[in-house]
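Now for the letters of each chain:
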Amino acid sequence: MRQGARDDRADDVPGDGRSETAAERADRQWQELVQEIRVAQTGVQILFGFLLTVVFTPHFHGLSQTDKTLYIVTVILGSMATGALIGPVAFHRIVSGRRIKPEAVAWASRLTFVGIVLLLATLTSALLLILRVATHDGIVPWIVAGVLAWYLVCWFALPLWARTRYTTEG
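Visitor: Quick one: what's the story with the environment of Val34, residue by residue and with numbers?
Guide: Along the chain, the position of Val34 falls in helix α2 (residues 22–54). We classify Val34 as buried; its relative accessible area is 17%. Between the alpha carbons of Val34 and Ala108 there is a distance of 9.2 Å; along the sequence they are 74 residues apart.

Given below as structure tokens:
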């Protein structure tokens, strides 16, 4: 490789197996993030859409005040998750062309993580509401806790374990 060509790659991460500039890395990371957001965004929007219809059903008015409050909390969480998962698109649109893609990727990543945490809370809250209404059983909190533990393992514990196990960098 020519010496001058190497200078274009001054931002390479040693030993990462890639030869990309900071701009190329930001472009790649943005594309990866957009794909991740598409998956989470679709799920949260479908869930949120269904949640919005519940209040218009005849059964809703017969719910206890506790269940109505739980419903309101669930809708608010779903709305916040939707906002956080759509946020990166608005962020990118507003800063596009300003040559701050690495910073945009970092902020979009943070918004996506917040959206995933809010989605976790929305799913847990919705499951609690549905099982309370469907069963009126004292085991419901235990079932919800088990499902929450499963989400935590799949979404956070396993990736963090793999990150620690298979990488040497933070």
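Visitor: Provide a residue-level description of the layout of surface pockets, including the pertinent values.
Guide: Roughly 810 Å³ of internal volume is contained in the largest pocket. Looking at the largest pocket, it is lined by 19 residues, and the ones nearest its centre are Leu33, Glu36, Ser109, Phe113 and Arg163. Where the lining of the largest pocket is concerned, the elements lending two or more residues are α2, α4 (101–135) and α5 (140–166). Sort the elements by how many residues they give to the lining of the largest pocket and α2 lands first, with 7 residues. Split into classes, the residues belonging to the lining of the largest pocket amount to 11 nonpolar, 4 polar and 4 charged. Taken as a whole, the second largest pocket encloses approximately 210 Å³ of empty space. Surrounding the second largest pocket, 13 residues form its lining, Leu51, Val54, Tyr71, Leu129 and Ile130 being those nearest its centre. Listed by contribution, the elements that provide at least two residues to the lining of the second largest pocket are α2 and α4. Partitioned by chemical class, the residues of the lining of the second largest pocket number 11 nonpolar, 2 polar and no charged.

So, how was this worked out
- Residues numbered from 1 in each chain as written.
- Predicted model: local features only at pLDDT ≥ 70, side-chain atom pairs only at ≥ 80, totals over all residues.
- Heavy atoms only, no water.
- Helix = DSSP H or I, 4+ residues; strand = E, 2+ residues; numbered from the N terminus.
- Buried < 20%, exposed > 50% of the residue type's maximum accessible area, 1.4 Å probe, protein only.
- 1 Å grid on protein atoms, 1.4 Å probe; cavity = no way out; pocket = protein on both sides within 12 Å on 5 of 7 lines; lining within 4 Å.
- Points joined across faces, edges and corners; volume = space filled by probe spheres on them.
- Nonpolar A, V, L, I, M, F, W, Y, C, P; charged D, E, K, R; others polar.

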